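This is what each chain is made of:
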Amino acid sequence: MNRQRRVSGHTAVMSRRHKALNVISWREAKHIGQRWYFPGTTCPQGHVAKRSVSNRECRACVDAKRKRKPEQSRAKDRRRNGTPKRIASSRASYRRNIEKRRAYDAQRYPAEAEARKARALVWARANPAKRRKLTAQARRWIKQATPSWLTSEQKAAIHAIYMDAAAREGDWQVDHMVPIRGKDVCGLHVPWNLRVISGDENRKKGNRL
Ligand SMILES: [Zn+2]
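Computed from a prediction, not measured in an experiment: that's the story for all the values here.

Definitions and limits used
Residues numbered from 1 in each chain as written. Predicted model: local features only at pLDDT ≥ 70, side-chain atom pairs only at ≥ 80, totals over all residues. Helix = DSSP H or I, 4+ residues; strand = E, 2+ residues; numbered from the N terminus. Buried ≥ 20, exposed ≤ 12 C-beta atoms within 10 Å, placed from the backbone. Contact = placed C-beta atoms within 7 Å. Expected span 1.5 Å × (residues − 1). pLDDT = per-residue confidence, 0-100.

Draft legend 1. Quick look at the overall build of the protein. Within the protein, the regular secondary structure consists of eleven helices and four strands. Within the protein, buried positions represent 8% of all 209 residues. Nonlocal contacts in the protein, meaning residues at least 24 apart in sequence, comprise 55% of its contacts between residues at least 6 apart.

As structure tokens, then:
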């Protein structure tokens, strides 16, 4: 792949969340109003990661800094965002009013509403597998089938399976071997219940074992 060619010769440190990205230049990202870009090359610290459009800071560098100085980072967050309680309440109100605000914005700022639609389209084209995965209903079912005791390694394993499906040529989907919405049994959204199968096979199988 293009990206690999570009990073060869460097010691590229790629964290899990930065893996399956398409290269997008600063200019393109800025143009479509995205807050990060992905040059696909290594930063001075050797990361291959997203970078901020506003200050060109590498996401992995920021993460590393947070890890090095957790106290300082938390203090900064508090200064910037308020107390955890305050954040939780404003998040809740954001979620409560999402539809309302969207309707208002669409009418008050039509140009921006169009731009948002365009961005969503760009995202959907760039992330076909994620888009398939993220239909609202499926997302609810998956959430219900995801046990709370999953470790971060297991979550990473699930992510890897989805990325594997997305990376393959053609129509490949992630299948729950024991269906999470089966008639008699209900499987879990856990790595050992997932496998990658072709779209045709998956449709044929439906919600059967
Ligand atoms: Zn970096």
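Draft legend 2. Region of interest: helix α7 (residues 110-126). Between its first and last C-alpha atoms α7 spans 25 Å; for 17 residues at 1.5 Å apiece the expected length is 24 Å, and the two agree. In terms of burial, α7 is largely open, as just zero of its 17 residues are buried.

Draft legend 3. Inspection of the confidence of the model for the protein at higher detail. Looking at the protein, the pLDDT average stands at 82 and 87% of residues meet or exceed 70. Across the protein, the element-wise mean pLDDT spans from 41 in helix α1 (residues 2-7) up to 94 in strand β2 (residues 51-52). Confidence over residues 1-15 falls short of pLDDT 50; this stretch has 23 contacts with residues more than four positions distant or in other chains.

Draft legend 4. Unusual backbone geometry, seen in detail. If you check the backbone angles, Arg56 has positive phi at about 60 degrees while not being a glycine. Relative to the helices and strands, Arg56 resides in the loop between β2 and α3 (59-68).

Draft legend 5. Seen up close, the environment of Ser73. Here Ser73 shows up in helix α4 (residues 70-81). Each C-alpha atom of the pair Ser73 and Val62 lies 10.0 Å from the other, and the pair is eleven residues apart in sequence.

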